[in-house]
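Chain by chain, the residues:
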Amino acid sequence: MLMIRACLVTANGRDEVLEDGALLIEGGIIRDIGATSELIRRYPEEGRFDCKGNIVMPGFVNVHYHGALTIARGVGPDLGLPPLYSPHIPQGVLLSEEECYLFSLFGYAEALKAGSTCIGANYIYMNRHVKAIADLGLRAVASERVHDIDFFEIGRGKYVHDARTGAETLQRNVDLIETWQGKSGKIRCHMGVHAPDTCTRPFLEQSVRLARHYGVGFTTHLAQSMKEVEEIRRREGMSPVRYYEEMGMLGRETVAAHCIHVSEEDMERLQRSGTHVAQVPEGNLKKGDLAPVGRMRKMGVHLALCTDSMSGSMLEAMRFCMVAHRLSGESKTEPQPAELIRMATIHGARALGWEDEIGSIEVGKKADLIMIDTERFHLLPIVSPAGTLVHCAVGTDVSHVWIEGELKVCEGKIVGFDEQRLLREVRRAAEACWQRFKAGKA
């Protein structure tokens, strides 16, 4: 057993801050919560981890993340189109399987160090990447990027069917499900349907049938560009959201990223179906896009948070989300920090089907926790812990991470992991990849 003593921020709907509190953890589960003095009296023999003066809170749940797109960091937002549609940068199928694995491992490690304990992981060759996720000790809902339209032709303004890619990506997602679903307490799977416009109707129908057969949900992109909206209107005569509703893709087991170009009717469909919208505030704003998050929030659409790609910091995601809401909403002070923390924790857990086990500090839940080191110039003085987290904290302020009570990050370093070796390998691989493209040899 382990007793963690700290200022605790819970995210269970009560907006509660326990200024001098403690947790009793046994077998990876939170067994008791209370005032520090009271828990010390009850359990005088238990070992203690003293976090006094710091903030302990639920681990972040990053519901939609493409870890390998760290390769496009500093470049992706300036392309004018999503990186995956560009044949001119090293990403996706233009990387070897080993390169793709390496950059994904790098992305997951960054997210873990920044406080994400659970990730909605989506990319290609995911069966290999899940091994990296498991080795890091992360919790994840994993999915393959599934599509049967040629991405690079979209970048050239055309939609071209690619049956071979469709068969290969769908089989990889099936292999992922059969290998991992129900086989690990920390790994679950989704069907990773890429987007309405990158899947033909027959292919989408097949993907839905397989998801139903295996009893898994969906990770997808939805209404992320005007090109998508225009193509679905041309092809299907309706909006992408309505098309997904018709195809059985909306619902409580679906995490739909972006939802930028949505009408009032679309938002009503999302709310009515219980579909979880993965907000991408940082990525969208950096590309000049703004989803109507304020309106969706007012209508009761279930909103969770993600970093999407090129960043692993959910603290930054909360801050960008606040800005996006306040720009698109009717109030300049909403949402308040406590709500943003819920979006980054318990709302994410609900989106990934894990709300009964993680996402808040409650007796009986798993001890997926993080500690924020508050002895920083940019964090003091702390009048409101939630406000300080949202307005001021950065990813490197996360000093400790526990998953099921096991210490995964200590003093900012991943336990039992050679970070310097990974940095060297990533730097060397990235330089080789970009040189290959500059030389025209990709």
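This text follows the structure it describes.
What comes next concerns the included structure. Keep in mind that what you see is a predicted model, and the values were worked out from it rather than measured.

A word on the overall build of the chain
Then, number 1: Across its full length, the chain holds 16 helices and 16 strands.
Then, number 2: Projected onto its principal axes, the C-alpha positions of the chain cover 70 × 50 × 40 Å.
Then, number 3: Sorting the 442 residues of the chain into buried and exposed places 59% on the buried side.
Then, number 4: Once local pairs closer than 6 in sequence are excluded, the contacts in the chain between residues at least 24 apart make up 71%.
Then, number 5: Working note: accessible area of the chain is about 17400 Å², and carbon and sulfur atoms make up 50% of it.
Then, number 6: Distance between charge centres in the chain, computed from 53 positive and 59 negative side chains, equals 2 Å.

Considering the sheet that holds strand β6 (residues 116-123)
Hydrogen bonds between backbone atoms are what pair the strands of a sheet, whose relative direction is either parallel or antiparallel.
Then, number 1: Within the open sheet, the 8 strands sit side by side as β5-β6-β7-β8-β9-β10-β11-β12. Their pairing is parallel. Strands at the two margins of the open sheet, each flanked by one partner only, are β5 (60-65) and β12 (302-305). Across this sheet, the average inter-strand angle for adjacent strands is 25°, counted without regard to direction.
Then, number 2: Where β5 and β6 come together, 4 bridges link them in parallel fashion. Counted as the bridge partner of F60 is S116 from β6.

Looking at the side chain of R326
Then, number 1: Within the element layout of this structure, R326 appears in helix α12 (residues 314-328).
Then, number 2: There is a polar contact of 3.2 Å between the side chain of R326 and the backbone oxygen of T333.
Then, number 3: Ignoring sequence-local partners within four residues, the contact set of R326 consists of S331, K332, T333, E334, P335, Q336 and H391.

A short note on the pairing of strand β7 (residues 139-144)
Then, number 1: Within β7, 6 of the 6 residues are buried, which leaves it mostly tucked inside the rest of the structure.
Then, number 2: Judged by which residues are buried, β7 turns out to be covered on both faces: R139, V141 and S143 on one side and A140, A142 and E144 on the other are all buried.
Then, number 3: With 6 bridges joining them, β6 and β7 adopt parallel strand pairing. Across the sheet, G120 pairs through a bridge with V141, a residue of β7.
Then, number 4: After leaving β6, the chain enters helix α3 (residues 126-136) and then returns to the sheet as β7, a path that is right-handed.

Observations regarding unusual backbone geometry
Then, number 1: Here the amide bond leading from E334 into P335 is cis, since omega sits at 0°, within 30 degrees of zero.
Then, number 2: Locating P335 in the fold gives a position in the loop between α12 and α13 (337-344).
Then, number 3: Here the residue pair L380 and P381 is connected by a cis peptide bond, since its omega of -5° sits within 30 degrees of zero.
Then, number 4: Examined against the element boundaries, P381 turns out to sit in the loop between β13 (369-372) and α15 (385-392).
Then, number 5: With a phi angle near 85°, H258 is a residue other than glycine that sits in the positive phi range.
Then, number 6: Considering the arrangement of structural elements, one finds H258 in strand β10 (residues 254-258).
Then, number 7: Its identity is not glycine, yet D308 carries a phi of approximately 70°, on the positive side.

Structural notes on the pattern of salt bridges
Then, number 1: The tally for this structure, following the rule as stated, stands at 36 salt bridges.
Then, number 2: The closest approach of N and O atoms between R42 and D32, which form a salt bridge, is 2.5 Å. On the criterion of sequence distance, the pair formed by R42 in helix α1 (residues 36-42) and D32 in strand β3 (residues 29-35) is long-range, its members being 10 residues apart.
Then, number 3: Owing to a relative accessible area of 11%, D32 belongs among the buried residues under this scheme.
Then, number 4: Linking R156 and E153 is a salt bridge whose minimum nitrogen-to-oxygen distance equals 3.1 Å.

Conventions adopted
Residues numbered from 1 in each chain as written. Predicted model: local features only at pLDDT ≥ 70, side-chain atom pairs only at ≥ 80, totals over all residues. Heavy atoms only, no water. Helix = DSSP H or I, 4+ residues; strand = E, 2+ residues; numbered from the N terminus. Buried < 20%, exposed > 50% of the residue type's maximum accessible area, 1.4 Å probe, protein only. Contact = heavy atoms within 4.5 Å. Areas by Shrake-Rupley, 256 points an atom, 1.4 Å probe, with all protein chains shown as cover. Lys, Arg positive; Asp, Glu negative; His and termini not counted. Charge placed at Lys NZ, Arg CZ, Asp CG, Glu CD. Pairing = 2+ DSSP bridges. Axes fitted to C-alpha atoms, helices over the stretch in contact; angles between N-to-C directions. Polar contact = N/O pair within 3.5 Å; in protein donor to acceptor, adjacent residues only side chain to side chain. Right-handed = clockwise from strand over helix to strand, strands pointing away. Salt bridge = Lys/Arg side-chain N within 4 Å of Asp/Glu carboxyl O.

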